[in-house]
Amino acid sequence: YTILSKVHSDRNVYPSAGVLFVHVLEREYFKGEFPPYPKTGEISNDPITFNTNLMGYPDRPGWLRYIQRTPYSDGVLYGSPTVENVGKPTVIEITAYNRRTFETARHNLIINIMSAEDFPLPYQAEFFIRNMNVEEMLASEVLGDFLGAVKNVWQPERLNAINITSALDRGGRVPLPINDMKEGVYVMVGADVPFSSCLREVENPQNQLRCSQEMEPVITCDKKFRTQFHIDWCKISLVDNTKQVSTFQEVIRGEGILPDGGEYKPPSDTLKSRDYYSDFLITLAVPSAIALVLFLILAYIMCCRREGVEKRNMQTPDIQLVHHSAIQKSTKELRDMSKNREIAWPLSTLPVFHPVTGEIVPPLHTDSYDNTSMPLMQTQQNLPHQTQIPQQQSAGQY
């Protein structure tokens, strides 16, 4: 396909600062720029998407948002202009893409922001509507019905919609696709009269307690909204700009001349040599000398001042020495008696027959031999009287 680009004529709009601005990008407006289906008489329903950006930039201004739910629905530009943008024309490039033929159509939207005489409105209230999405709330009929309900409850002389924000832009989560659940939308309105008693009921201690327990508060004017709008009264925000104390501090500008602090003297370029001998003595020599003295004192106490056995015996009572000597003598006698007692010799020490001659081989030791260190089993390498059995020779070699 050949991609073509067609440019519409510029369109000028004049929103007011601090008042909600809504501009609908209608698909029917761009359908005439794209060729219809090949079959005659068939209704053209091409999927069309839009791309919006500030001229010369890849994105839109910070106050302007855009939403299009599906390629078969209209796109919506919405936001609340600020006072800083008053008098500065904002050119928005709108590009429509035909997803069937890959053709494009483009035109410019020139936003001329006007200053509002009574902006900002001093009393502002933000409502959270659970059963609405942002594109549904941006429809003029639905927004008009909501402002009418608020006006009946508040009864101000002037009431304006200041801003509309999707709950997803406030950190909300996408709802599950069950029971036609909605994302929710925040709507901020402003008025020129104080809040009504119905709106003030949210600040009651009883309602605050119910909100902390995740229960719906009791609001008398909730019935006026329930027919179409399900409002979460625990998330309502009431702002009174007339009671806000300004934290701006006036800056006292001086002459711009610093006080005279004398002539500046930079450090010298040449560095003096420094002797580190004293630092060495303090950090290494002195601790080493102290450690050596302590080591010598400990060695003298441990090695040169031992009392000895004689001094120990002199300080020990005689009866204790007698008992100790008797115990040692008895222990020695028991050890001598255990060596001379008759016990059964181990099988490895009994007489055995010679494997060849049949002679009885005497034991490996005499009766007076100390058998305390004799192993119970002897290996063949330890037998001095063992003879080897002659191996069988082959036939004919005897």
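Residues numbered from 1 in each chain as written. Predicted model: local features only at pLDDT ≥ 70, side-chain atom pairs only at ≥ 80, totals over all residues. Heavy atoms only, no water.

What follows deals with the UniProt feature "transmembrane region" (unreviewed entry) in the chain. Feature annotation in UniProt places "transmembrane region" (unreviewed entry) on residues 280-303, given in this structure's numbering. For residues 280-303, the end-to-end C-alpha separation is 33 Å, with 100% helix and 0% strand making up the annotated structure. (UniProt positions renumbered as here; feature names shortened; annotations may be inferred. Helix = DSSP H or I, 4+ residues; strand = E, 2+ residues; numbered from the N terminus.)

This brings us to unusual backbone geometry. Phi at Phe-102 takes a positive value of approximately 60°, unusual for a residue other than glycine. Position of Phe-102 relative to the elements: it lies in the loop between strand 7 (90-98) and strand 8 (104-111). Positive phi is not limited to glycine here, since Glu-214 has a value of about 60°. On the secondary structure map, Glu-214 appears in the loop between helix 5 (205-212) and helix 6 (223-226).

Glancing now at the packing of aromatic side chains. Within this structure, the stated rule accounts for 12 aromatic pairs. Ring geometry for Tyr-29 against Phe-30: centres 5.3 Å apart, planes inclined by 85°, an arrangement best described as edge-to-face. When its relative accessible area of 34% is taken as the criterion, Tyr-29 is described as partly exposed. Phe-30 gets classed as buried once you look at its relative accessible area, which sits at 1%. The interplanar angle of 80° and the centroid separation of 5.6 Å between the aromatic rings of Phe-127 and Phe-146 together place this pair among those described as edge-to-face. Of this pair, Phe-127 sits in strand 9 (residues 123-129) while Phe-146 is found in helix 3 (residues 140-154), placing the two residues 19 residues apart along the sequence. Three or more aromatic residues joined by ring pairs form one cluster here, namely Phe-127, Phe-146, Phe-225, Phe-229 and Trp-233. Taking NZ or CZ as reference, Arg-170 lies 4.5 Å from the ring centre of Tyr-186, over its face. We note Lys-235 situated over the ring of Phe-128; from NZ or CZ to the ring centre the distance is 4.6 Å. (Phe/Tyr/Trp six-rings, centres within 6.5 Å; stacked < 30°, edge-to-face > 60°. Buried < 20%, exposed > 50% of the residue type's maximum accessible area, 1.4 Å probe, protein only. Lys NZ or Arg CZ within 6 Å of the ring centre and 35° of its normal.)

Here we take up the pattern of salt bridges. Inspection of the entire model under this criterion finds 11 salt bridges. In this structure, Arg-130 engages Asp-232 in a salt bridge whose closest nitrogen and oxygen atoms are separated by 3.2 Å. Of the two residues, Arg-130 is situated in the loop between strand 9 and helix 2 (134-137) and Asp-232 in the loop between helix 6 and strand 12 (237-240); the sequence distance between them amounts to 102 residues. Accessibility expressed as a relative area gives 9% for Asp-232, which makes it buried. Taken together, the salt bridges that share partners define one network made up of Arg-69, Glu-135 and Glu-183. (Salt bridge = Lys/Arg side-chain N within 4 Å of Asp/Glu carboxyl O.)

A word on the sheet that holds strand 11 (residues 185-191). Spatially, 10-11-9-12 is the arrangement adopted by the four strands of the open sheet, whose pairing is antiparallel. What marks the edges here is a single partner per strand, and that holds for strand 10 (159-166) and strand 12. Geometrically, the sheet is characterised by an average inter-axis angle of 15° between neighbouring strands, direction not taken into account. Pairing analysis gives seven bridges linking strand 9 to strand 11, with the strands arranged antiparallel. Bridge pairing in strand 11 places Ala-125 opposite Val-189. Together, strand 9, strand 10 and strand 11 form the strand contacts of helix 3, whose direction differs from that of strand 10 by roughly 125°. (Pairing = 2+ DSSP bridges. Axes fitted to C-alpha atoms, helices over the stretch in contact; angles between N-to-C directions. Contact = heavy atoms within 4.5 Å.)

Within strand 8, seven of the eight residues are buried, which leaves it mostly tucked inside the rest of the structure. Examined bridge by bridge, strand 2 (residues 11-13) and strand 8 share three bridges and lie parallel to one another. Across the sheet, the residue bridging to Arg-11 is Leu-109, located in strand 8. Relative to strand 8, strand 7 is paired through eight bridges, and the arrangement is antiparallel. Opposite Tyr-97, over in strand 8, you have Thr-104 as the bridge partner. Taking the residues that link successive antiparallel strands as the turn, the strand 7-strand 8 hairpin has five residues, and the phi of Phe-102 there is positive, at about 60°.

Once that is clear, we can look at the state of the cysteines. Inspection of the entire model under this criterion finds two disulfides. Here Cys-198 connects covalently by a disulfide to Cys-221, the sulfurs 1.5 Å from one another. Handedness here is read from the sign of the S-S torsion; for Cys-198 and Cys-221, about -75°, the answer is left-handed. Of this pair, Cys-198 sits in helix 4 (residues 197-200) while Cys-221 sits in the loop between helix 5 and helix 6, and the two are 23 residues apart along the sequence. The same class applies to Cys-198 as to Cys-221, namely buried. For Cys-211, the disulfide goes to Cys-234, at an S-S distance of 2.2 Å. Taking the torsion about the S-S bond as the criterion, the Cys-211 to Cys-234 disulfide, at about -85°, is left-handed. Taken together, the residues span a long stretch of sequence, with Cys-211 in helix 5 and Cys-234 in the loop between helix 6 and strand 12 at a distance of 23 residues. With cysteine numbering restricted to those in disulfides and following the sequence, the chain has the pairing 1-3, 2-4. (Disulfide = S-S within 2.5 Å.)

Our focus in this paragraph is the environment of Asn-204. Examined against the element boundaries, Asn-204 turns out to sit in the loop between helix 4 and helix 5. Taking the relative accessible area as the measure of exposure, Asn-204 reaches 32% and is therefore partly exposed. Each C-alpha atom, one on Asn-204 and one on Pro-217, is 9.5 Å from the other, the two residues being 13 residues apart in sequence.

On to the pairing of strand 9, then. For strand 9, the buried fraction is high: seven of the seven residues fall into the buried class. Because side chains alternate across strand 9, one face comprises the buried residues Tyr-123, Ala-125, Phe-127 and Ile-129, and the other comprises Gln-124, Glu-126 and Phe-128, equally buried. Note: strand 9 against strand 12, four bridges, orientation antiparallel. Note on strand 12: the bridge partner recorded for Glu-126 is Ser-237.

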